Amino acid sequence: MTKKYHSFYAKKRTFKSTLVEKAVKYFFFLNGMISVLFLVLIFLFLFREAFSAISNIGINEFFKNVEWYPTSEDSRYSIIPLILGTLLTAIPATIISSFLGIILGIYLSEIASGRTREIIKPFIEIFAGLPTVVIGFLILAVGSTFFQELFNAGTRLNALLAAFGLSIILIPTISSLTEDALRAVPNNLRMASYALGISKFAMIKNVVIPAAISGVSAGIILGFGRAIGETMIVLMASGNAAELTLNLLHSVRTITATIAGELGEVAIGSPHYYSLFFIGTFLLIITFIINLISELIIERMRKKLKKMN
Amino acid sequence: MVNLTLRWAEGFMEEHPEISVQVTGGGSGTGIASLINGTSSIANISRELKPNEIDYAKQNGVNPIQHIVALDGIAVIVNPNNNIDTISFSLLKDIYSGKIKNWKSINGNDANIVLYGRENSSGTYEYFRQSILNRDESGRQIDFPANMQSLQGTASLAEAVSKDKNGIGFGGVGYFALRNDIKVVSIKISNEANAISPVVNNAINYDAIRNGSYPLSRYLYSYTNGIPQGNEKYYIDFILSPKGQQIVESMEYIPLKKN
Amino acid sequence: MENRFKGNIKKENSSNSIIDNLLIGGIRIISFSVIIIFILILGKIFYEGIGVINWNFLTGIPKSDISKGGIGPAIFGTMAVSIIMLILAVPVGIFSAIYISEFAKDTFWLRLIRASVNSLAGVPSIVIGLFGFGFFVLFIGKSIDNILQTGMLFGQPAIIWASATLAVLVLPTIIVTTTEALNSIPLTFRQASLGLGASKWQTIRYIILPQARPGILTGVILALSRSIGETAPIMFLGCAFFLPNLPLAYLDLSFVQIPIINPADQFMHLAYHIFILATQSSNPTLTAPFQYGTTLVLVLITLLLNLTAIIFRFRFRKIIEVVNRNQ
């Protein structure tokens, strides 16, 4: 009798506790799904407003001519000069910061002593978190005059100036991703090259970097994505002229700066309002694709390194 | 006019400590947008509402009522190193429509003209486009050239022109009057007319702006949703009172009446 | 023959080593130049800004078109927005990380959540701001107003929507760092706990979470620091030029009134304040010390937060290393 009672009790407890465990699991699962939910919401919501733009203005308007005059009587909504402006700031910024960031990453991973690295690495990491408005302000207040004298540029605020500002935030990103990629290269590769009598630089150039190349390139692509999406620096430093130009010393207007400069001043429900959502959606899709590519590259690198080890 | 609005808010709250005034800034577009969207009870802006904006407001259940609260002179500025002192309306139009690209064409240095302006939804942008660029022969509105830089505020515009020896810009005269690192240009309506400057000896030329002999001036407006009542009425009354108008003058804008 | 060969190698080696040293030296020089530029940037902010920082500046209210007075309301507003942001984002972030690291098996759902977190992290902040304005303010806010008949209370830019938008922005940061922290806790801890008869929840609650605390804190601090520095998304979410009063509401308990943050109010914000000081103050030259002062305050806050995060992470790694070594 007692035995039976006991087993019944135990059974009841397990049943109850599995129920609790299940509930706990679902609770955490639902929290995890919130990221999915918001990603879907962002896409849905932006696409909805972008479709309103297409039905209000027409998709042709965004690509047909080359002028951005949303407040003119004869309003023109071409995204082309904005795309050009975005690329004209993001590409030079990516080139500058890839060059410097990769070198810095190589230095940290292969050359610097342990102690130096321990001091420099956190310092650079701190810089990655510096508010971009601070850099925008400094570029506007100090950098613009400095570079105008240096390049003798006709236009004080220009694409190159914005690119320099962007580089300040991209260098830490690229250098730490480079360093991570380099340090993930198995040490026996280095040892083997030393044993073959190759010089250090040749070892870095011919052995370590090729092994880490996908990680390094993922860093560059990620940096490019960040450059495209950055707002405050380009808003303050690029001069915001929606000009169709390929000259780096001309003032340009990026997609992000256009949204930031105009969204606060637009009547909700007007074609101008929807057009800002359209260019925002465009930006979202582009950055999404860029991030996807770098994600795939990193994934491939992980697999490759697993094989090596 | 956000700085003027700030001072008004400060002065108003000194008289009415029980009422709290919050000020959000940006261009006139911000004020218009927030009035239309119903997020502000009063919008101080530097241009009249456009018909389509009134339509949007009515759609959102907002009935904008206009109050004229002050006068503002729009000045054209260049770098102090520029040898140009006087510009006529037609030259200004040619410069700001992109027809004249080099200072040499108007007897200046051989250098490209760098155009500075404001964001496309600001009242100053709109005013300047209407009064200077206006329309071409076929009645089509003329736009600023695409290479005109849009700065986020008149202050950063003044800062840019002060450091750019080939720059030209425009904006509320109050931002420029006290600065020696920029030059306020005299304006002629036609080639024969007298050139008049909105700033004389670092002080605003109030009379010229008020009597219209300086051609570039505009009213500043407060818009309320419906006929102002309660706190909004106190606020509008305060702005129009001698004290409110004194604040206008202290901020380098032009009071409606001569004191 | 053999000798010549040897000599050749030696020669090649020595010329090689000169070039090698030059190239390595070049890497050093470029790296140090970058670091020096960074130091100069920080130095400029400190040098120009330190002079204006005093108690009045930190607590005072901006006066005379923000060129005098202080930045008290901006500091308060920044804190208010950040606190609500943390309340919204931290629990969800930590719970998500627990799901990813403790519950999920390599299924469709885990991959979906992982991919979403990564994608969300890559969405530009201005796009999140656009979403926050359209979704939180105009959709959620206006709906609340319609249902509760509160007029224009929620359907306008306000602290709560700025916080919610920033919460979406930093959620991936919290999830990724917390997941890393949880994953680095040795499996043996879990096995031991489960072996002693503890349930999964008990294991998480009493073993995993306390062990991972410094790692989780790192994520929270990084998220906080990131949200404080963001300007673009909050520009149209209730950031005000000037507010004479702090965004407070009073909880009336008849005998005492407790001030609480009013989530439906507008706010001033340090990052936005820097932006308007730089572009819209009546005379940027006059307000220059103020701009640098405000910038220094913002930079100091983010630097301190990031430094704390780095120290926490360092200590956390050490703990894990010790644990691993002892096994």
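Everything numeric here is computed off the predicted structure, so don't read it as measured data.

**Some points on the overall build of chain B**
Here is step 1: Across its full length, chain B carries nine helices and eleven strands.
Here is step 2: For chain B, the C-alpha radius of gyration of 19 Å lies close to 18 Å, the compact-globule estimate for 259 residues.
Here is step 3: Across its three principal axes, chain B shows a C-alpha extent of roughly 60 × 40 × 30 Å.
Here is step 4: Expressed as a percentage of the 259 residues in chain B, the buried residues total 52%.
Here is step 5: Sequence-distant contacts, at least 24 apart, represent 67% of the contacts inside chain B between residues at least 6 apart.

**What to know about the interface of chain C and chain A**
Here is step 1: Taken together, the contacts link 66 residues of chain C with 64 residues of chain A.
Here is step 2: If you list the elements that add at least two residues to the side of chain C that touches chain A, you get helix H1 (2–49), helix H3 (72–103), helix H4 (108–122), helix H5 (125–148), helix H6 (159–183), helix H8 (200–229), helix H9 (270–279) and helix H10 (288–326) of chain C.
Here is step 3: A total of 14 residues in the side of chain C that touches chain A trace back to one element, the largest contributor, which is H1 of chain C.
Here is step 4: The residue makeup of the side of chain C that touches chain A, split by class, is 43 nonpolar, 18 polar and five charged.

**So, the interface of chain C and chain B**
Here is step 1: Taken together, the contact between chain C and chain B spans 19 residues of the former and 21 residues of the latter.
Here is step 2: Looking at the side of chain C that touches chain B, its residues break down into ten nonpolar, eight polar and one charged.

**Points about the confidence of the model for chain B**
Here is step 1: In the predicted model, chain B carries a mean pLDDT of 86, and the fraction of residues at 70 or more is 97%.
Here is step 2: Model confidence for chain B, summarised as mean pLDDT per element, is weakest for helix H2 (residues 28–36) of chain B at 70 and strongest for strand S7 (residues 183–184) of chain B at 94.

**What to know about H4 of chain C**
Here is step 1: Helix length check: H4 of chain C (15 residues) gives 21 Å between terminal C-alpha atoms against 21 Å at 1.5 Å per residue, within 8%.
Here is step 2: Three or more residues of H4 of chain C are buried, namely Ile113, Ser116, Val117, Ser119, Leu120 and Gly122 of chain C.

**Side note on the pairing of strand S1 (residues 42–45) of chain B**
Residues and elements named next belong to chain B.
Here is step 1: Going residue by residue along S1, you find Ile42 and Asn44 tucked away on one face and Ala43 and Ile45 tucked away on the opposite face as well.
Here is step 2: The sheet contact formed by S1 and strand S11 (residues 217–225) spans four bridges and is antiparallel. Within the sheet, the bridge partner assigned to Ile42 lies in S11 and is Thr224.

**Remarks on the pairing of strand S6 (residues 167–172) of chain B**
Residue and element names in this part refer to chain B.
Here is step 1: Most of S6 is tucked away, with six of its six residues classed as buried.
Here is step 2: Here strand S2 (residues 64–78) runs beside S6; their pairing, made up of five bridges, is antiparallel. By the bridge assignment for S6, Ile77 is matched with Gly169.
Here is step 3: As judged from the two bridges shared by strand S4 (residues 114–118) and S6, these two strands associate in the parallel manner. Of the residues in S6, the one forming a bridge with Val114 is Gly167.

**Section: unusual backbone geometry**
Here is step 1: One non-glycine residue, Asn134 of chain B, lies in positive phi territory at about 50°.
Here is step 2: When you line up the elements, Asn134 of chain B lands in the loop between helix H5 (123–133) and strand S5 (149–151).

**Details of the confidence of the model for chain C**
Residue and element names in this part refer to chain C.
Here is step 1: On average, residues of chain C carry a pLDDT of 85, and 91% of them reach 70 or more.
Here is step 2: In this model residues 1–12 is a low-confidence stretch, pLDDT under 50, and it forms zero contacts with partners more than four residues away in sequence or in other chains.
Here is step 3: Note on the complex model: pTM 0.89, ipTM 0.89.

**Some words on the packing of H3 of chain C against H8 of chain C**
Residue and element names in this part refer to chain C.
Here is step 1: Where H3 contacts H8, the axes come no closer than 9 Å and their chain directions differ by 140°. Looking at the two axes, H3 sits oblique to H8. Like other packed secondary-structure pairs, H3 and H8 cross with a definite hand, here right-handed. Of the residues in H8, those touching H3 at Thr78, Ser82, Met85, Leu86, Ala89, Val90, Ile94, Ile98 and Glu102 are Ile204, Ile208, Ile216, Val220, Ala223, Leu224, Ser227 and Ile228.
Here is step 2: Looking at the contact of H3 with H8 residue by residue, the class counts come to 13 nonpolar, three polar and one charged.

**Digging into the packing of helix H5 (residues 132–151) of chain A against H9 of chain C**
Here is step 1: The contact between H5 of chain A and H9 of chain C brings their axes to 9 Å, and the two run at 15°. Of the possible angle classes, the one that applies to H5 of chain A and H9 of chain C is roughly parallel. Of the two elements, H5 of chain A crosses H9 of chain C, and the hand of that crossing is left-handed. The segment H5 of chain A lies against H9 of chain C, with Val133, Val134, Phe137, Leu140 and Ala141 of chain A engaging Ala271, Ile274, Phe275 and Ala278 of chain C.

**Some thoughts on the environment of Lys25 of chain A**
Here is step 1: Checked against the element boundaries, Lys25 of chain A lands in helix H1 (residues 2–57).
Here is step 2: Judged by the 16 C-beta atoms lying within 10 Å of it, Lys25 of chain A falls in the partly exposed class.

**Considerations on the nonpolar core**
Here is step 1: Judged by nonpolar contacts, the single largest core of 260 residues is most densely connected at Ile77 of chain B together with Ile274 of chain C.
Here is step 2: Here the element with the most residues in this core is H6 of chain C; it accounts for 16 residues.
Here is step 3: Both domain 1 (2–70 + 219–250) and domain 2 (72–210) of chain B contribute no fewer than three residues apiece to this core.
Here is step 4: Not counting chain neighbours up to four residues away, the residues in contact with Ile77 of chain B comprise Ala158, Val161, Gly169, Phe176, Ile182, Lys183, Val184 and Val185 of chain B.

**Structural notes on the domain arrangement of chain B**
Residue and element names in this part refer to chain B.
Here is step 1: Taken domain by domain, chain B holds domain 1 (2–70 + 219–250) and domain 2 (72–210).
Here is step 2: When each unit is reduced to the centre of its C-alpha atoms, the spacing between domain 1 and domain 2 is 27 Å.
Here is step 3: If you look at the interface, domain 1 gives eight residues, while domain 2 gives nine residues.
Here is step 4: Looking at side-chain class alone, the side of domain 1 that touches domain 2 contains three nonpolar, four polar and one charged residues.

Reading the values: rules and limits
Residues numbered from 1 in each chain as written. Chains lettered and ligands numbered in written order. Predicted model: local features only at pLDDT ≥ 70, side-chain atom pairs only at ≥ 80, totals over all residues. Helix = DSSP H or I, 4+ residues; strand = E, 2+ residues; numbered from the N terminus. Rg over C-alpha atoms; globule rule 2.2 N^0.38 Å. Buried ≥ 20, exposed ≤ 12 C-beta atoms within 10 Å, placed from the backbone. Contact = placed C-beta atoms within 7 Å. Nonpolar A, V, L, I, M, F, W, Y, C, P; charged D, E, K, R; others polar. pLDDT = per-residue confidence, 0-100. Expected span 1.5 Å × (residues − 1). Pairing = 2+ DSSP bridges. Axes fitted to C-alpha atoms, helices over the stretch in contact; angles between N-to-C directions. Parallel < 35°, antiparallel > 145°, perpendicular 65-115°, else oblique. Left-handed = near helix turned anticlockwise from the far one by under 90°. Core = buried A, V, L, I, M, F, W, Y, C linked by C-beta atoms within 7 Å. Domains from an automatic or database assignment.

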